[in-house]
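Chain by chain, the residues:
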Amino acid sequence: MIKFNIIIIFLSALPLLGMQDPANQIGDALLNTLTFEQKVSTYSLAKSVENLSYTSKVKLIFNDGSSKYYRIAHLLETLKKYAPSAEKPNKLTNYIKFHTKLKIKEIKEIKLFLFDKNGEKIIKFESDGLKIGKRKIGPFEVPSNRILIASPRILYY
Amino acid sequence: MNRFTALTVLIFVVNVLTADLIDEAKTKIKSGDFVEANQYISTYLNSNPGDPRAYTFKCFSDIGLFFEDTFPNYLIDNFNANSSRTLDSFDYDETKQEIEPTEIQLISTDGMSSIIGYWVHYPEIKFPSKDPKDSYRYTSIFDMSIEPVNKSVFNLNNGFYYPTNDYSAISFTYTDVNPKQVNFEIDTYESGIIDIYLNGTEIGEIYDGSYKLYRNVRSDMYGSQIWGTLPGSIPLYLQNGDKLSFVSVPNYMGSSSSGPGIRPTDPYAFSPGPELGIAYNMTYPDLGNNITIDDIFAVFKRKDLPVRELLDKLISNLENFNIGDEVVIDSQFYLGESAETSIDPSTGSAILADTYDDIIIQYWDALALKSILGIIELYLSVSDQYDIGINYDYEELSGMDVYDSAKSFFSVFSNFLEANPSRIADQLSASTDFESTLSEFRYSFNTIWSRGDPVADNADFLIERSEYSDPGELADLNTSIDSLIQSIDGFDNFSNLTGETDGGFQYSLKPFIGQSPFALKQAIIDSEDLLDAEGDIPGNRQIELMEQYGLVKDLLPASFMGNVLAIYNSNGSLHKSILVSNDDDFNPFTGELDRLNNSGTGNDYIFGSDDNITLSYNEPFKGTWQNENYMTGTSTGTFYYYNDLLDMNSNGTIDRLDISNANNNPGGADGHTNISYPVPLTSNSISSAQSLFSTFLPDSLKGNLLVEKSTNSGMARDFVFFYYLTNSDAIMLDSGNNYSTHRYRYENGRDYYDPINNSDSFFSFIFNDEYSGIGIDNMSNEGPREFILYPGYIDLDNDGLADAEEVMLEIAPDIFTGSNYALPTSSEIQSAIAAYTPTEPVPHEEPTNPLALLDNDNDNMPDALEDKFGGNPNDGADAGNTLSVLLNNVYTLNQIRDLRPGSTMIEVADGYAQLGLTLQQSYDLYEWENMTTQVTVDPIQADSNTAYYRFKLQESGD
């Protein structure tokens, strides 16, 4: 009976530990290396980027040093099963909300850290800058009803 | 005050007063009153002609007028849009109260009379939607038409209607005058899936033991849906004329034996009863009569129709900007009158309007906008050159799937995609318009790039250089624009346009924006002609067609198969000579080399498995390669490619054999080695060799007889005749008297003799002169074979029968001489051709009889018969198939009478048949006399399914 309970506890803890349980598997090999919490946070950040800006790509930097640009739409589709666990609103949304209330039009070099339940850093979100009410088209900027998020990057620990 | 001062004051006063008109116009624009706004602006412009500020706000009012007035009225006047509802739908008055939908309580039928949910709808709109309020504006514009679709029936059993298969349907039309809640009882003791449609639109489903409604409903528990359990009732709220359909879906029954049953609790509300086997699940806007697809598209692209008219107005407004002009659009105007009325990009909080800067529009901004609008208008005008003459008609549109090819479609819709001469004006000026627009585009954006920030802190220019841009981005943009300008009347590298590394090819826009519209219809027909048996266009054919139409040039081949690739390092040393004998998965547009990029099926890879190679066209037979290796970085070099049948190292042996032998791999296998070229390869040297090689290559093999024979003396009698009957059909007869027919494709000296199953297999001809040479089968290890090729009507063995005729009769012409079975020489063939007198019709020429039936593949079986009786009018070898059907499976009425020995047939007349039989005898087969009296079965009444009777005489032993 004790052995049975240990197995149950172990299986229940797998998602929290980010182990590769079948339910945590997705089609993209690189994304599959992420822990459950990293996947949830990635979905949440991608959703914010989609809602807040016209930015279509984000660079993911994995903990082995490899990196790849992903389309926001692809990330949302691939990670959609983590949507129910995603934080609403997340740290990025709250960050922008705070600055817009202060009428700050531009923020340079954003660095936001996301933590797991144990307080360990799991993600760093970086951007060269944010501009309220702007959109980047090619090398130019035009007025917009959204926010310019310049060169968004997500670094995994 | 002197007169001058008075005049100055007067002008000042007029300007001040009229300046207020612009503020009034802005207020009207914000309130959605664009007509008034335009009037204010017009009045202002009377006193201040050319004022860019007025024209700036005129852009807003013109756009507003388009949406509120021009466009909706065009829909009303031309597309049967409902007048009042359409004008309401396009009314942009922000303060206007939205029309609320009607909500009706849906009450349970379980005796508790609880509220299940609400039916949410607009009584005048038949089209159900997920959120009627949000979709009211567009769903109310047009009345909807619905169409019945025939399906399998529902069967009535114990009071319920059950689907009979996966494609069953039943429909009910609500005929009560007053609307009311109507319930449908569902028997789901068996599992099943059935979709529910209201007026042609899916509104819900029955899924095993539950149901779900998801249009026109709301519930406290499920938002815009209602869920319920079954067996039980599904509540709906119907109006007079509503059509409700239940349609089973594939695997609808699941593991059950009969699926769910359906019945209305009030069957008398549906008169005259259910329509069995009918689904109303097709719904589309009713645009009125005599509308074509062309009419619909014209709204968006035809000159002087609403969209083009708006574009012209906006461009005209922006032309009033001059250098030095500056118009400020304050943030209060474009965001809102008061604070906290602005955007909410998901943060949940309003953003203060003064968070935003005012927008300054200078001449350069206006010019940039004008050029962008000009490019959009140009695109619309060029795309409007073609007719799309298909009626917006259900019968016509739903019948489109009968056309299995573009050509069969064009044979009915002959004007489809034909250029329309009445619209040629747009096309005539397209190239000059595009060039001037691109020049303006480049001019404006280059100035904007170097323009500094506005003086005011709280203002931005409409378009600004992004501080997050790279310094080189402007140069890239200019390169792209220059490339487009260059391509208007000529060619330019596609990589200049995209900024990406590619196959080095050039492109041109001239075919599209030249003086004449691009022959789109003919291009589609030509493309279809190139389809292979698998329905694909071979890569090389695709390139040839694109080159033929002037769209691209300087493309590397679609595949290097059959070529030698000589790869040189950047220092000029030869890296490898690779014989490419299998498909290399090369993409000549991107330059990406797939299989040769890695260790493929042989040793024919260029570098190692960690490489990523791109090839780019440089000049004929020459290119550059670029290799990305994540360990060693980027390396580059040049390469040459040439036909592997050439002897570029001048050692008397074709290079294909040199490389194969060097790898101890005779025949056609892949391989590589470094063969030494005594004279360095150049484009010219390869071109000269190829030119010599191609001197005697025929354009077509049709009508010719090929005789090939092993060069191996031990196989002297190993010969094969191929008669190329058409451009795709050939007959083979070999020395073992094996006779067969097959499809083939001839291209640039190669006979692809199995294009359907193995497009990589081919026989290459190397002509020594016009009639003879050696050839190599790339799938064989046997080595070269000698061949002769001559017209099939020649009688080389002088037996009075053309040699091709003999082959078709499965007779091998006796053309060989000596014990070694030597082939006739070229001079003998030449003499025979010179001596030939065409006294007889040339075999298999096109029929000269003007009344002859069309026979596309010259197999003497008319196309019409082949089409009807299982043949292929493009297959010259299948006449026997059709003949067999005609002889064995097609009967006349008289033949039907004699289908069985001893039978005769009696026709039914007016529902009765007179059956009689009398046995007769004869001694001379001329005179007959009755042996018995008539045996009569008289009369018998035929049932509704019987058209004929017959007698069968019992045969001995029966």
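Residues numbered from 1 in each chain as written. Chains lettered and ligands numbered in written order. Predicted model: local features only at pLDDT ≥ 70, side-chain atom pairs only at ≥ 80, totals over all residues. Heavy atoms only, no water.

A. View of a negative patch on the surface. Judged by side-chain charge, D583, D585, E592 and D594 of chain B come together as a negatively charged surface patch. Position of D583 of chain B relative to the elements: it lies in the loop between β26 (574–580) and β27 (611–619). (Patch = residues over 30% accessible without salt bridge, like charges linked within 9 Å, V, L, I, M, F, W, Y side chains within 5 Å. Areas by Shrake-Rupley, 256 points an atom, 1.4 Å probe, with all protein chains shown as cover. Salt bridge = Lys/Arg side-chain N within 4 Å of Asp/Glu carboxyl O. Lys, Arg positive; Asp, Glu negative; His and termini not counted. Charge placed at Lys NZ, Arg CZ, Asp CG, Glu CD. Helix = DSSP H or I, 4+ residues; strand = E, 2+ residues; numbered from the N terminus.)

B. Fine view of a nonpolar patch on the surface. A surface patch of nonpolar side chains, amounting to about 350 Å² of accessible area, comprises M221, Y222 and W227 of chain B. A residue is classified by how much of its surface remains accessible, and M221 of chain B, at 66% relative accessible area, is exposed. (Buried < 20%, exposed > 50% of the residue type's maximum accessible area, 1.4 Å probe, protein only.)

C. View of the packing of helix α3 (residues 52–78) of chain B against helix α7 (residues 306–318) of chain B. Residues and elements named next belong to chain B. Following both chains from N to C, one finds α3 and α7 inclined at 170°, their axes separated by 10 Å at the closest point. By the angle between their directions, the pair α3 and α7 is classed as roughly antiparallel. Residues Y55, K58, C59, D62, I63, F66, T70, F71 and Y74 of α3 touch α7, and the partners they reach there are P306, V307, E309, L310, K313, L314, N317 and L318. Here the residues of the contact of α3 with α7 sort into 11 nonpolar, two polar and four charged. (Axes fitted to C-alpha atoms, helices over the stretch in contact; angles between N-to-C directions. Parallel < 35°, antiparallel > 145°, perpendicular 65-115°, else oblique. Contact = heavy atoms within 4.5 Å. Nonpolar A, V, L, I, M, F, W, Y, C, P; charged D, E, K, R; others polar.)

D. Representation of the pairing of strand β4 (residues 121–137) of chain A in the model. Residue and element names in this part refer to chain A. Within β4, 12 of the 17 residues are buried, leaving the element largely enclosed by the surrounding structure. Pairing analysis gives nine bridges linking strand β3 (residues 106–115) to β4, with the strands arranged antiparallel. Its bridge partner being in β4, K108 is matched across the sheet by G129. With antiparallel pairing between neighbouring strands as the criterion, β3 and β4 make up a hairpin whose turn holds five residues, including G119 at a positive phi of roughly 85°. (Pairing = 2+ DSSP bridges.)

E. The pattern of salt bridges, seen in detail. For the structure on display, the rule yields 41 salt bridges over all chains. Here E786 of chain B and K709 of chain B are joined by a salt bridge, their closest N and O atoms 3.9 Å apart. Placement of the pair is E786 of chain B in strand β39 (residues 785–791) and K709 of chain B in strand β31 (residues 704–710), with a sequence separation of 77 residues. You can call K709 of chain B buried: its relative accessible area is 3%. Each member of the salt-bridge network shares a partner with another, and the members are E106, K108, K131 and E141 of chain A together with E467 of chain B.

F. Molecular detail of unusual backbone geometry. All names here are of chain B. P231 follows L230 through a cis peptide bond whose omega is 5°. Looking at where P231 falls in the secondary structure, it is placed in the loop between β12 (226–229) and β13 (232–238). Note the cis peptide between S271 and P272, where omega equals 5°. Structurally, the position occupied by P272 is in the loop between β15 (261–264) and β16 (275–276). Of note in this structure, D304 is not a glycine but carries a positive phi near 75°. Topologically, D304 is positioned in the loop between α6 (293–301) and α7.

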